[in-house]
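A structural walkthrough
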Amino acid sequence: MENIFLKCYLVTVSTSDFDTAYRIFSTINTRGLDLQLNDILKSEIIGSIEDDKDRDKYTQIWDGEESDLGRKDFEALFSHIHRIKLREKPKENLLTEYRKRIKPQDNPRQFIGEVLKPCSDTFEMLRDYKFSCDDEEDKKEINRLFGWLNLIDNADWVPPAIYFLVKYPDKTSQIKSFFINLERLAAGLMIFRADIHKRGKRYAQLLKAIDKSAETAMTRAEQLLSADDQNKIFEIINGDLYNQNRSRLYVLKRLDSCLAEGGISLSFDAKMVTIEHILPQNPKPNSQWCQNWTEKDRQTWVDRLGNLVLLSRKKNTAAKNYDFDKKKNTYFRQVNQVIFPLTVDVINQAEWTVKQVKENQEKYVELLTNLWRLEYSKINSQVSNSMEIEDIEQAELLLRQLKEKLVSR
């Protein structure tokens, strides 16, 4: 006690407003548990409940939801609720936005009981793949879609996902259709690297569609990938996919499950998954690769989808330049290694030439095109791939002549 009186100091810091005080506190509070947005909101919202019994009741609800989600995800939940409510990113800091625009302190019981708890429970269901319904197959497929969405490299899809499930909790067939389209949209936006503003606008439109009906939301989710977007996605998955650092593993895992029996591969939730080139990026000059492949062909195909596989282990730097037979037999067939469907396709090949890679490329791109229903890209690619330059020029000439005739009429 003597140390407290003689060696402790009380420093008073005063500010003109609470926001500034919160910033100062966050800066100097370097010990213990960091004060978060939800801590302040909890104090203000529950503090506005005058009845002691009610205050205890809603405190228990709040604490229970925070415990279920965990501190990090519970804090993120308030950002998702903000987006659901206001359909835009915060114009000021999130605390000020809640106080001035959402105003949960004005009706704390309604906010905790009708907004916070259902959104928190739904967020937990999405995160942990806990959807439940009478139809076992629908249950599996919907939870699988939750799993794919959780592999997306951003969380912008979460608010519309939460909102749809909260608004239409018992419509299993609509939920399945909506999430098929939502995964397609989220994957597409990730693959062609839509920026945060473009993603925000798309998902805001989707939130507005959810207001109208489940059917409207399902349709809008599909429409939000334009023909131009679909062409961009197709060009990426049909191009040097390995150079797409942020999306390549997602695309390959999605493809791997397309090849698997039952539509799901062990790569879906494997803890260790790496990408391996069959044809090496830098083969030795005296290797079989340099004898069987021209320099031009290697540059064209090495980073394409048809030359990539998944492994359930870390890359072996010594093995990456092995000739095909040695790599296949000593690297891909190692004991205690999970063999994914993509890798099985390679093991079954007797050789690895341009022919095999081209065939794989066409097959894999078609699978992904069908999975994500990239109809415009598929049509455009088929036309361009099947026509020679002279044919294209002739077609363009015919189109110009047709337009001239229509104008003259």
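This is a predicted model, so every value here is computed, not measured. (Residues numbered from 1 in each chain as written. Predicted model: local features only at pLDDT ≥ 70, side-chain atom pairs only at ≥ 80, totals over all residues. Heavy atoms only, no water.)

A few words now on the packing of helix 3 (residues 37–47) against helix 5 (residues 71–86). Close contact between helix 3 and helix 5 brings their axes to 9 Å; oriented N to C, the two are set at 70°. It follows that helix 3 is roughly perpendicular to helix 5 by the angle criterion. Listed contacts from helix 5 to Leu-37, Asn-38, Asp-39 and Leu-41 of helix 3 are Arg-71, Phe-74, Glu-75 and Phe-78. Here the contact of helix 3 with helix 5 is composed, by residue class, of 4 nonpolar, 1 polar and 3 charged. (Axes fitted to C-alpha atoms, helices over the stretch in contact; angles between N-to-C directions. Helix = DSSP H or I, 4+ residues; strand = E, 2+ residues; numbered from the N terminus. Parallel < 35°, antiparallel > 145°, perpendicular 65-115°, else oblique. Contact = heavy atoms within 4.5 Å. Nonpolar A, V, L, I, M, F, W, Y, C, P; charged D, E, K, R; others polar.)

Attention now moves to the environment of Asp-128. If you trace the backbone, Asp-128 turns up in helix 7 (residues 108–128). Taking C-alpha positions, Asp-128 is 8.3 Å from Phe-146, a pair spaced 18 residues apart along the chain.

What follows concerns helix 5. The first and last C-alpha atoms of helix 5 sit 23 Å apart over 16 residues, in line with the 22 Å expected at 1.5 Å per residue. Every buried residue of helix 5 is listed here: Phe-74, Leu-77, Phe-78, His-80, Ile-81, His-82, Arg-83, Ile-84 and Leu-86. Structurally, helix 5 contributes buried residues whose contacts are with helix 3, helix 4 (52–69), helix 6 (94–102), helix 7, helix 9 (158–167) and helix 11 (196–212). One or two residues past the end of helix 5 sits Arg-87, with phi positive at roughly 65°. (Expected span 1.5 Å × (residues − 1). Buried < 20%, exposed > 50% of the residue type's maximum accessible area, 1.4 Å probe, protein only.)

Our next topic: the nonpolar core. Trp-157, Phe-178 and Phe-179 are the most contacted members of the largest nonpolar core, which has 88 residues in total. By residue number, the principal contributor to this core is helix 10 (residues 172–191), which donates 10 residues. The contacts of Phe-179, once residues within four sequence positions are left out, are Leu-126, Leu-145, Phe-146, Leu-149, Ala-161 and Leu-165. (Core = buried A, V, L, I, M, F, W, Y, C linked by side-chain atoms within 4.5 Å.)

In this section: a negative patch on the surface. Together, Asp-134, Asp-135, Glu-136 and Glu-137 make up a region of like negative charge exposed at the surface. Checked against the element boundaries, Asp-134 lands in the loop between helix 7 and helix 8 (136–150). Using a relative accessible area of 83% as the deciding quantity, one classes Asp-134 as exposed. (Patch = residues over 30% accessible without salt bridge, like charges linked within 9 Å, V, L, I, M, F, W, Y side chains within 5 Å. Areas by Shrake-Rupley, 256 points an atom, 1.4 Å probe, with all protein chains shown as cover. Salt bridge = Lys/Arg side-chain N within 4 Å of Asp/Glu carboxyl O. Lys, Arg positive; Asp, Glu negative; His and termini not counted. Charge placed at Lys NZ, Arg CZ, Asp CG, Glu CD.)

Summing up the model confidence of the protein, the mean pLDDT is 87 and the portion of residues at 70 or higher is 83%. Counting interchain partners and residues more than four positions distant, the pLDDT-below-50 stretch residues 381–393 has 3 contacts. (pLDDT = per-residue confidence, 0-100.)

Here we come to helix 11. In a regular helix each residue adds 1.5 Å, so 17 residues correspond to 24 Å; helix 11 covers 25 Å between its end C-alpha atoms and thus fits that length. Within helix 11 the residues assigned to the buried category are Arg-199, Gly-200, Arg-202, Tyr-203, Ala-204, Leu-206, Leu-207, Ala-209 and Ile-210. Taken together, the buried residues of helix 11 touch helix 5, helix 9, helix 10, helix 12 (214–223) and helix 13 (227–237). Capping the start of helix 11 is the job of one residue whose side-chain oxygen sits 3.0 Å from the backbone nitrogen of His-197: Asp-195. (Polar contact = N/O pair within 3.5 Å; in protein donor to acceptor, adjacent residues only side chain to side chain.)

It is worth spelling out the side chain of Arg-254 at this point. Mapped onto the elements of the fold, Arg-254 is located in helix 14 (residues 248–259). Classification of Arg-254 by relative accessible area gives buried; the value is 8%. Of note is the side chain of Arg-254, whose polar atom sits 3.0 Å from the side chain of Glu-183. Not counting the four nearest positions on each side in its chain, Arg-254 is found in contact with Leu-145, Trp-148, Glu-183, Leu-368, Leu-371 and Trp-372.

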